[in-house]
Amino acid sequence: MTGVERDLADYFLDAINNDYLITVLITSHTQGKIKSQNLPFGVGKTTLAWWLNYYMNGRDWELVFQRSVYNPYDLVRLLKPGTERKNAATWDDVQATAPAESGVPRALRRLANFLTTQRPEVACLIMTAPNINSISSPLRKLVLFEVIVAERGKYEVQKIVYHKNFKRPLEDIGRLEYLHEGEFSPLPEYVLKRYQEWRVKEKLKLYPALETEMYSYVKMREWEKAENIEEGPITLQAPVIKAGGGRYWVQIPQEIGEKLHRKKVQLAIARA
Amino acid sequence: MSEGRKQPFIHPFNFYIVTYGVEAFHKAFVEDRYIDAVQNLYVFVGWLEPEIQERLKNEIVELEMMMMNPRLVNVAKLRRIQLKVSKLLHEAGYFTQAKAGPPTRIVGLEDMAKKLERVKT
C-alpha cells in the first residue's frame, strides 16, 4: 500500500513481514494537531505502548512483559544477536536511563548504532518519554513516528519526514506529517497491576546507583561548605577500580578530586 | 539559524508579509515606537499587490501625513489602518494555507489491532 492511506499499523505490518525496523516514540508533553493537555506523566503513554506491543505480539500479555524493558542494558540483552525475531519491544521511560544531555555517553551512541543493525531481532521498537527532546540525541534520530497522547485515551500519529534543503544539501529539514488519530482504552485491571509491580521492580534496579550518587553529591556539597580540611573528614562511598600493574584506584567525585589533587590524604576504608 | 533555513518552503512573498509586515509592525507597536510602526506600515503597503493598494489609497495618504508630521501619529488611527490591511490580506487569501490544518482521519487502536492480526508471531 502506498500514499496517504497508510496508517501506523501498515508500517508495523511492513516492518514485521518485510524485515524493516520501525522506531516509534510515544510522547505527551507536546502538542500536534489535537489540543493536548501537555502533561509529561500519567496520561497513558505506557498504556498505549503496551497495547501496540500486545497486538503485535499475538495478543499475549506474557510476551509483552518479556519484551518490555526499562533500561538500555536490558534492551541490549533482549536484542542479543541470534535470538528469535520479536515483532515488537517496548522501552519505557527512555528519559530515565538515556536522557538528553550534552556530551552523549559513548555507550548510548553505541546502542543507537547497534539498534540500526538489529533488524533481524526486532521489527518495531516502541519507546516512551514525555517529549522527544528529553531523550538522548542518537536515539532521537532513530525515531520514525511520534505518537502524541493528547489526553488519556486519545492519541495522534505523526510521521517524521525529512526534506532536502537545497540551499544547504547537508542539512535536511525535519517535518511532522499527520497520519491519523484515534482512541485507546485502559489496560485490563490485572495487567495494570502487574505492570505497576514490574515498574517498581525495574526502578529498584536503578535505585542503588542513584542512592550512591546522591550520597556522594550531598557529601560533596558538605565538602564545598567546609572548604578547609581541618574542619573535619568527610565520608563518601566510592568504587575501587583495578588500574593494572597490581595497583587499585579509589574513584572519588571530580569536585573533591580537584581540591585534593597532588595532596596527601588519609583514608579509612570500609566495605560499603 | 538563518531565516532561509527556518522557512525554506514558504513562498518569498508570504515570508516577506509575515517578517517585514506583521512581525516588524507588531514589534514596533508593542514597544510604543509608533513612528517606526507608521514607517514600517507605509513601506510594507507599497509592496502589496496593486488591487490592495488601490483599496488602501486613503490610508496611504494618512500614513504619509503622519510621516511628515509625527504629531499626527495616533494609536487609534494606526490600529484602524492595521485592521484594514489585515482584512485585505485575509480576503486575498494570503493566510489560507496556514489556516487549513490536515483533515482529521480516525484510525483507532481497534482498527489497527484488526490489521495487526495478520502478523506472523
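Residues numbered from 1 in each chain as written. Chains lettered and ligands numbered in written order. Predicted model: local features only at pLDDT ≥ 70, side-chain atom pairs only at ≥ 80, totals over all residues.

Caption draft 1: Molecular detail of the overall build of chain A. On a plain count of helices and strands, chain A comes out with nine helices and nine strands. For chain A, buried positions account for 30% of its 272 residues. Within chain A, contacts between residues separated by at least 24 positions form 63% of all contacts whose residues are at least 6 apart in sequence. (Helix = DSSP H or I, 4+ residues; strand = E, 2+ residues; numbered from the N terminus. Buried ≥ 20, exposed ≤ 12 C-beta atoms within 10 Å, placed from the backbone. Contact = placed C-beta atoms within 7 Å.)

Caption draft 2: Spotlight on unusual backbone geometry. Notably, A:Asn38 is not glycine yet its phi reads approximately 55°, a positive angle. Positionally, A:Asn38 belongs in the loop between strand E1 (22-27) and helix H2 (45-56). Positive phi outside glycine occurs at B:Asp32, with the angle close to 60°. Checked against the element boundaries, B:Asp32 lands in the loop between helix H2 (12-30) and helix H3 (34-45).

Caption draft 3: Examining the interface of chain B and chain A more closely. Tallying the contact residues gives 20 residues for chain B and 25 residues for chain A. Looking at the side of chain B that touches chain A, the elements with two or more residues in it are helix H1 (3-6) and helix H8 (109-116) of chain B. Counting residues per element, the side of chain B that touches chain A draws most heavily on H8(B), which supplies six residues. Its residues assigned to classes, the side of chain B that touches chain A shows nine nonpolar, five polar and six charged. (Nonpolar A, V, L, I, M, F, W, Y, C, P; charged D, E, K, R; others polar.)

Caption draft 4: Up close: H8(B). When we look at burial in H8(B), the residues that qualify are B:Leu109, B:Met112 and B:Leu116. Considered in projection along H8(B), the buried side chains sweep an arc of 60° and stay on one side of the axis. Its buried side turned inward, H8(B) meets helix H1 (8-18), H2 and strand E7 (173-183) of chain A. (Arc of directions from axis to C-beta.)

Caption draft 5: Fine view of the sheet that holds strand E6 (residues 154-163) of chain A. Residues and elements named next belong to chain A. Spatially, E2-E3-E4-E1-E5-E6-E7 is the arrangement adopted by the seven strands of the open sheet, whose pairing is mixed. Either end of the sheet is taken by a strand with one partner, and the two such strands are strand E2 (68-69) and E7. Across the face of the sheet, H1 comes into contact with E1, strand E3 (86-91), strand E4 (122-128), strand E5 (145-151), E6 and E7 while running at roughly 135° to E4. (Pairing = 2+ DSSP bridges. Axes fitted to C-alpha atoms, helices over the stretch in contact; angles between N-to-C directions.)

Caption draft 6: View of the pairing of strand E9 (residues 247-250) of chain A. Note: strand E8 (residues 240-244) of chain A against E9(A), four bridges, orientation antiparallel. What sits directly across from A:Lys242, in E9(A), is A:Tyr248.

Caption draft 7: Structural detail: the nonpolar core. Ranked by size, the top nonpolar core spans 53 residues in total, and within it A:Phe12, A:Val24, A:Leu48, A:Met56, A:Cys124 and A:Ile126 carry the most contacts. Among the elements that make up this core, the one with the highest residue count is H2(A) (eight residues). The residues contacting A:Ile126, other than those within four sequence positions of it, are A:Val24, A:Ile26, A:Ala49, A:Leu52, A:Asn53, A:Ala88 and A:Thr90. Core analysis: the next-biggest nonpolar cluster, separate from the first, contains nine residues, B:Phe25, B:Leu78, B:Ile81 and B:Val85 among them. (Core = buried A, V, L, I, M, F, W, Y, C linked by C-beta atoms within 7 Å.)

Caption draft 8: A look at the packing of H1(A) against H8(B). Axis separation between H1(A) and H8(B) bottoms out at 9 Å; the angle between their running directions is 25°. It follows that H1(A) is roughly parallel to H8(B) by the angle criterion. Here H1(A) runs over H8(B); the crossing is right-handed. Note on element contacts: H8(B) touches H1(A) through B:Met112, B:Lys115 and B:Leu116, opposite A:Leu8, A:Ala9, A:Asp10, A:Phe12 and A:Leu13. Here the contact of H1(A) with H8(B) is built from residues that sort into six nonpolar, no polar and two charged. (Parallel < 35°, antiparallel > 145°, perpendicular 65-115°, else oblique. Left-handed = near helix turned anticlockwise from the far one by under 90°.)

Caption draft 9: Examining the confidence of the model for chain B more closely. Residue and element names in this part refer to chain B. For chain B, per-residue confidence averages 84 on the pLDDT scale, and 88% of positions sit at 70 or higher. Here H1 is the element of chain B with the lowest mean pLDDT, 43, and helix H5 (residues 57-68) is the one with the highest, 95. Segment residues 1-9: pLDDT under 50, and eight contacts once partners within four positions in sequence are set aside and those in other chains are kept. If you check the scores for this complex, the pTM reads 0.68 and the ipTM reads 0.70. (pLDDT = per-residue confidence, 0-100.)

Caption draft 10: Main features of the packing of H5(B) against helix H6 (residues 75-91) of chain B. Residue and element names in this part refer to chain B. Running from amino to carboxyl end, H5 crosses H6 at an angle of 145°, the nearest separation of the two axes being 11 Å. For the pair H5 and H6, the crossing hand works out as left-handed. Taking contact as the criterion, the partners of Glu59, Glu62 and Leu63 in H5 are, on H6, Lys77, Ile81 and Lys84. Considering only residue class, the contact of H5 with H6 consists of two nonpolar, no polar and four charged.

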